[in-house]
Amino acid sequence: MIFHRTAAGSLTRRFAVASAALATFALLLTVASSWWLVSEQHATAMSIVSKKEADFHAATVSSTLHSVASRMNDVANSSILATGLVDSAGRETYLAPYLSSIRQINGVPINILFTDFAGGEISSNGLGRFNEKEMAWLKKHLETGRETAEIIESDRGPELIAVEMLSYSRTETPEGALIYKLRLKDLRPNDMAQLTWSDKAFVPSRNESMVSVPVDMPETFRHLHFQVLEPLQPASARELAPQFAIIAVIALALAGTVLVLGARLALRLTHDLRKLEVFSRSVVDGGLGTQRAATEGSTEVASVAGSINHMLDRLYEQHVQLQQERERFLQLANTIPQLAWIAGPDGKIQWYNDRWYEYTGTTPGQMKEFGWRIVHHPAMQDTVFERMRELIEQGQPFQMTFPLRGADGEFRPFFTSAAPLHDSDGRIVQWFGTNTDVSQIEKAERAVRESEERLREGLVAARMAVWDWTLANDGIRFSPNAPDIFGATWDVGTDAWSAVHPDDQMRLQRAMDKAIEERSQFNQVVRMIRPDNGNMVWIEARGKVVSDQSGKPHSVRGISIDVTVRKNAEEALRIANQRKDEFLAMLAHELRNPLAPISTAAEILKLTGPDPERLRQTSEIITRQVDHMTSLINDLLDVSRVTRGLVKVEKEPVRIVDVITGAVEQVRPLIESRRHHLNVQPVPPQACVVGDRKRLVQIVTNLLNNAAKYTGEGGEIVLLVAVDAEKVEISVRDTGIGISSSLLPHVFELFTQAERTPDRSQGGLGLGLALVRSLVELHDGVVEAYSEGTDKGSLFTVKLPRLDLEVIEPDAAPVAAPVRDSRGMHVMIVDDNVDAAHSLAVLMEAEGYRVSVEHRADKALERALAHPPQAFLLDIGLPEIDGYALARRLREAPATADALLIAVTGYGRKEDVERSQAAGFDHHLVKPATRQALVDILAHSRHDSGNIPGSGEPAAMQ
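The residue numbering used here restarts from 1 in each chain and proceeds along that chain's sequence as written. Since the coordinates come from a predicted model, pLDDT governs what is reported: local features require at least 70, and pairs of side-chain atoms require 80 or more to be given and counted, while whole-chain, interface and lining totals use all residues. Only hydrogens and water are removed before side-chain values are computed, so all heavy atoms of the structure are retained for them.

### Regarding the overall build of the protein chain
Note the following rule: Strands are runs of DSSP state E lasting at least two residues, helices are runs of H or I lasting at least four, and both sets are numbered from the N terminus onward. Think of it in three bands: residues with accessible area under 20% of the maximum for their type are buried, residues over 50% are exposed, and the middle band is partly exposed, with areas taken using a 1.4 Å probe on protein chains only. In short, Shrake-Rupley with a 1.4 Å probe defines the accessible areas, and a residue's cover is counted only from the protein chains shown.
When helices and strands are counted, the protein chain shows 27 helices and 32 strands. Looking at the protein chain as a whole, 41% of its 958 residues are labelled buried. Total accessible area on the protein chain is roughly 52100 Å²; 53% of this is exposed by carbon and sulfur atoms.

Next comes the structure, spelled out in structure tokens:
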């Protein structure tokens, strides 16, 4: 019992009892030896524990610094910061919350500031501000573009400050920076440990021993050479060195017995301390766990065991935190959209995140070492492998873009970025890399480029400019195509007003002021004077007022469209519509003119008795007026055919002298009736062209008719032909009313006429000159008009390509076919117009023909088969069965197969003539058909049809 109480006490009491039991001298020796042994073992244990604690603290500091460097590098490379540099509107939406979420790393508070390339603040995490000295330090390194870190003294103590540059492949200088700082005090693992760096060495006190452990630093902080210093517990046994020497001398005398007994006693007394040492070694060899040292035995050993357990608890807590950080890292790596991986220093990949396996559809076994090659495109596999091998050998961060195959077998482009992790000696320990799918980005960029290109093309095609007018400073910005529309661009809105036509400025200003006041839109069409050439253009300006959050207008955005072509077209349509109305009124007048004498003549015929002279005069009136109406209608049909491109000229060598002769013969009655003097100059014999003789005669005839109509009675008309090496010029000059300067540019357009005299003696529809120009252009020529003004006459000149022939023999005069006596021939007239049919029947009977009349095709066919006529005059527009079908049936019937078929119709187009020929008609006459044309045709058999004797024109054109 006494021994048990003594064993539970201190070591001093134990040695005292032992020495009393053996011998005072032996007890002293034993106590001294035991004391020395305990001190040495205690010092050894404390040294080991202090060294481990220092190593752990150094590892903790290293882990924190690596986490800080890695996290700041991730933040600097984040697309959120890259977007924040260009998207000022979205900074408060996503950038500030993103930075505010990073306030601690491994429990260490950190201040973060995101700046632009000039050091201007963009956003921060809100934990504190950077002073002027720190911002000056940032700007200095922004100028050099160097990423670094330093220790700066502040009122909060020494602080670690570092900067990450935001640089991109499109620029050579930083576009921004990420600066951060943290207090060194927050890095210290406890109050006993000291943190030193290259510029500051810790000086211990005289009696203080320290354990120094270098901190494994990331590349950014390596030049600072951080070290962790831990104090060693004092070893009290060393202070007893002199006493130990005396005890050693005395102990020699008692070496025999005391040695054995002292050794056994020492083992007994240090049993619990050796147990503590065994536990300490198990911790060193087996790592941290939940096992702790027993706190039983002597007070000193129990105290040491308690201290060790306390340190192990702290170390275990930190180990758990590190494990949690690793789990969070893995969770982050597996949830990010990128494919992430870690490779060894030789490039063999050791770890992939889950995203990699999900995308590629591979297994860890397939991806060992260089297994990633199987998901690369075969055409690029070797190239990518060799390139990555070269970059890994260089040991520098690298970026590449190449396609990777997905689980669906489709290859998509990925942007790959990799960076090495170095140890304290600069050797590469690992490679960290990510692969980002950029297929959607590429599609979006391509879509944006195509959209912008379509927009630019649309703006150019629509002659539309986009502008943005800032109300505060009157600044205005235009789209790049604005000079093509306005002739210039302006930086200030008031300068742009100078180009607006003075008459439109007030109207446009009122519209814009109203839109600004009502926060609405405006749309105005104004005239502008181009500064580059002085031309006036019509601009449709549309704008919308843009207000800020408070509802105050701050800008006007709009477009300006060049509508000059539209306005000119509207004006041209207005003029054309006016001319059309004038032409219709004129046509009505011109058609009424011949109808009046025809109506009067008809009344005269009712009242006239058997007076041959009166009948002759009346028939001549009707004939002249019908010829006049026919001429008007033919002019209309000619213009219609020419303007629609339905007229084809039959070109052959033509002598201009024959053209002049034919035209003069046609126009001579009009010239003589107005008592004009026609001066026809001699025509050079070499004046020859390739053309359609009939149409050339029509050209000259129309020019002479125009001159005769607009020249006062007794005026002079000169017809002149000139020839040079390349062209023939036909000129018609008159002394008539002339052409005003406003009318001269439009004289060859449809429905254009000079102002008529009150008696409207000129007549006509204003179609002659338009027909002249169209026919001249069909002959590859040009026609020009000139006049010095009203009442100063006019000059028209036709220029045609000259044919290099001096003499062309005139065509032999046509030989008239023998004329048969056709009187007494049976002629059937078929027309649903009763008056037309009966009037034609009366005419034919007067010529001596036997005539039968029908108004329906079926009746006519039935009657013709019963009593076959020798000739038929058929209308085309018959009801039920038209004239074409009736003609075909007559040709099919044996009784009427050889009869003479003549179409007498109002349809006179070329396709109408061709259709009648295909149906079996021998001739095609357009109403009103002349008596002479009918008589001439009937005088010849159908086998001689085609040309009417004595006429130079086909029968169908009569």
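Text resumes after the structure shown.
### Topic: helix H27 (residues 931-938)
Each turn of an α-helix holds 3.6 residues, which means side chains three or four residues apart point in the same direction. So the rule is basically this: We call two residues in contact whenever any of their non-hydrogen atoms come within 4.5 Å of each other.
Three or more residues of H27 are buried, namely Ala933, Leu934, Val935, Ile937 and Leu938. Looking at the buried positions of H27, the neighbouring elements they touch are strand S28 (826-830), helix H23 (834-846), strand S30 (871-874), strand S31 (900-905) and strand S32 (923-926).

### Observations regarding the sheet that holds strand S3 (residues 111-116)
Just so we agree on the cut-off: In this description, strands pair whenever DSSP reports at least two bridges between them. Interaxial angles span 0 to 180 degrees and are taken between N-to-C directions of axes, which are lines fitted to C-alpha atoms, for helices over the stretch in contact.
Across the sheet, which stays open at both edges, the five strands sit in the order S4-S3-S7-S6-S5 with antiparallel pairing between neighbours. At either margin of the open sheet sits one strand with a lone partner, and together these are strand S4 (121-124) and strand S5 (149-154). Across this sheet, the average inter-strand angle for adjacent strands is 25 degrees, counted without regard to direction. Lying on the sheet, helix H6 (residues 132-144) is in contact with S3, S5, strand S6 (157-166) and strand S7 (176-183); it crosses S6 at an angle near 35 degrees.

### Quick notes on the sheet that holds S28
Spatially, the five strands line up as an open sheet ordered S29-S28-S30-S31-S32, and their pairing is parallel. Both outer strands of the open sheet, strand S29 (850-854) and S32, are each paired with one neighbouring strand and no more. Taking the axes of each pair of neighbouring strands and ignoring which way they run, one obtains an average angle of 20 degrees across the sheet. The strands that helix H24 (residues 857-866) touches are S28, S29 and S30; relative to S29, the one it contacts most, it runs at about 145 degrees. Most of the contacts of helix H25 (residues 883-892) go to S30, to which it runs at about 165 degrees, and overall it touches S28, S30 and S31.

### Some remarks on unusual backbone geometry
A positive phi angle, near 55 degrees, is found at asparagine 106, a position not held by glycine. Mapped onto the fold, asparagine 106 is located in the loop between strand S1 (104-105) and strand S2 (108-109). On the basis of relative accessible area, asparagine 106 is assigned to the partly exposed category, the value being 26%. Of note in this structure, histidine 225 is not a glycine but carries a positive phi near 50 degrees.

### Focus: the nonpolar core
Rule in force here: Side-chain atoms within 4.5 Å link the members of a nonpolar core, which is a set of buried Ala, Val, Leu, Ile, Met, Phe, Trp, Tyr and Cys residues.
Counting residues in hydrophobic clusters, the biggest one holds 40 residues, and the most contacted among them are Leu65, Met72, Leu160, Leu178, Phe221 and Phe226. Mapped onto this core, the elements with two or more residues apiece are helix H3 (24-76), helix H5 (91-100), S3, S5, S6, S7, helix H7 (184-187) and strand S9 (210-214). Broken down by element, the residue count for this core peaks at nine residues, all from H3. Phenylalanine 221 has contacts with Leu65, Val68, Ala69, Ala149, Leu160, Ala162 and Tyr180, leaving out every residue within four places of it along the chain. Of all hydrophobic cores here, the second largest spans 39 residues; its members include Val689, Ala707, Val776 and Leu800.

### Quick look at the packing of aromatic side chains
Threshold: To pair, rings of Phe, Tyr and Trp, with the six-membered ring standing in for Trp, must have centres within 6.5 Å; the planes then decide the type, stacked if under 30 degrees apart, edge-to-face if over 60, and tilted in the middle. Only when the NZ atom of a Lys or the CZ atom of an Arg is both within 6 Å of the ring centre and within 35 degrees of the ring normal do we say a charge sits over the ring.
By the definition in use, this model includes five aromatic pairs. Judged by centre distance (5.8 Å) and plane angle (50 degrees), the rings of phenylalanine 398 and tryptophan 431 are tilted. Here tryptophan 431 lies in strand S15 (residues 428-437) and phenylalanine 398 lies in strand S13 (residues 398-405), a separation of 33 residues in the sequence. Accessibility expressed as a relative area gives 4% for phenylalanine 398, which makes it buried. Aromatic ring contacts, followed pair by pair, group Tyr352, Trp356 and Tyr357 into a single cluster. Against the face of phenylalanine 130 rests lysine 181, its NZ or CZ located 4.8 Å from the ring centre. Cation over ring: arginine 373 sits above phenylalanine 385, and NZ or CZ is 4.2 Å from the ring centre.

### A closer look at the pairing of strand S25 (residues 727-734)
The pairing of strand S24 (residues 716-723) with S25 spans seven bridges and is classified as antiparallel. Residue pairing in the sheet places valine 718 in a bridge with arginine 733 of S25. The turn linking S24 back onto S25 is made up of three residues.

### A closer look at the pairing of S13
Pairing between S13 and strand S14 (residues 411-422): eight bridges, direction antiparallel. Residue pairing in the sheet places threonine 401 in a bridge with phenylalanine 415 of S14. Between S13 and the antiparallel strand that follows it, S14, lie five residues; glycine 409 among them carries a positive phi value of about 85 degrees.

### Brief notes about the environment of isoleucine 110
Note that isoleucine 110 resides in the loop between S2 and S3. C-alpha of isoleucine 110 to C-alpha of leucine 182: the two residues are 72 residues apart in sequence and 5.0 Å apart in space. With residues up to four places along the chain from it excluded, the contact list for isoleucine 110 reads Val68, Met72, Ile102, Arg103, Gln104, Ile105, Asn125, Leu127, Tyr180, Lys181 and Leu182.

### With respect to helix H22 (residues 768-778)
Restricting attention to buried positions, one finds in H22 the residues Leu769, Ala770, Leu771, Val772, Ser774, Leu775 and Val776. Where H22 terminates, the next one or two residues include aspartate 780, which has phi positive at roughly 60 degrees.

### A few points about the packing of helix H21 (residues 693-709) against H22
The cut-off we apply is this: Oblique is the label for any angle not under 35 degrees, not over 145, and not in the 65 to 115 range, which are roughly parallel, roughly antiparallel and roughly perpendicular in turn. In this scheme the crossing of two helices becomes right-handed for a clockwise turn of the near helix relative to the far one and left-handed for an anticlockwise turn of less than a right angle. Three categories are distinguished: nonpolar for Ala, Val, Leu, Ile, Met, Phe, Trp, Tyr, Cys and Pro, charged for Asp, Glu, Lys and Arg, and polar for the others, with Gly belonging to the last.
It is the contact of H21 with H22, at a shortest axis distance of 9 Å, that shows an interaxial angle of 150 degrees. Here H22 runs roughly antiparallel to H21, going by the angle between their axes. The interaxial crossing formed by H21 with H22 has left-handed handedness. Contact with H21, carried on its side by Arg695, Gln698, Ile699, Asn702, Leu703 and Asn706, involves Gly768, Leu769, Leu771, Val772, Leu775 and Val776 of H22 and no other residues of that element. Class assignment of the residues belonging to the contact of H21 with H22 gives a composition of seven nonpolar, four polar and one charged.

### Focus on the side chain of threonine 711
Residue position: threonine 711 is located in the loop between H21 and S24. Of the residues examined, threonine 711 reaches a relative accessible area of 1% and is grouped as buried. The residues contacting threonine 711, other than those within four sequence positions of it, are Arg674, His676, Glu716, Asp734, Thr735 and Gly736.

### What to know about the confidence of the model for the protein chain
In low-pLDDT segments, the atomic positions of the prediction should not be examined closely. Applied cut-off: Scored from 0 to 100, pLDDT reflects the predictor's confidence in each residue.
Residues at a pLDDT of 70 or more form 76% of the protein chain, whose mean pLDDT is 77. Overall, residues 808-819 carries pLDDT values under 50, and its contacts beyond four positions in sequence, including any with other chains, amount to 11 contacts. Confidence drops under pLDDT 50 across residues 942-958; counting only partners more than four residues distant or on other chains, this segment forms 36 contacts.

### Examining the environment of phenylalanine 411
As for its position among the elements, phenylalanine 411 is in strand S14. Residue classification places phenylalanine 411 among the partly exposed residues on the basis of a relative accessible area of 28%. Along the primary structure phenylalanine 411 and histidine 377 are separated by 34 residues, whereas in three dimensions their C-alpha atoms are 7.3 Å apart.

### Looking at the packing of H24 against H25
Direction vectors running N to C along H24 and H25 enclose 15 degrees, while the axes themselves pass 11 Å from each other. One finds that H24 runs roughly parallel with respect to H25. Every pair of crossing elements has a handedness; the one defined by H24 and H25 is right-handed. Counting all contacts with H24, which are made through Ala857, Leu861 and Ala864, the residues of H25 involved are Leu886, Arg889 and Leu890. Residues of the contact of H24 with H25, tallied by class, amount to five nonpolar, no polar and one charged.

### Side note on the pattern of salt bridges
Note the following rule: In the sections that follow, a salt bridge refers to a side-chain nitrogen of Lys or Arg positioned within 4 Å of a carboxyl oxygen of Asp or Glu.
Inspection of the entire model under this criterion finds 33 salt bridges. Arginine 427 serves as the salt-bridge partner of aspartate 425, at 3.3 Å between the closest nitrogen and oxygen. Note on arginine 427: relative accessible area 51%, which makes it exposed. Across the salt bridge formed by arginine 527 and aspartate 503, the nearest N and O atoms sit 4.0 Å from each other. Placement of arginine 527 in strand S18 (residues 521-529) and of aspartate 503 in helix H17 (residues 502-518) is noted, with a sequence separation of 24 residues between them. What emerges from the salt-bridge pattern is a single network uniting Glu134, Arg156, Glu159 and Lys181.

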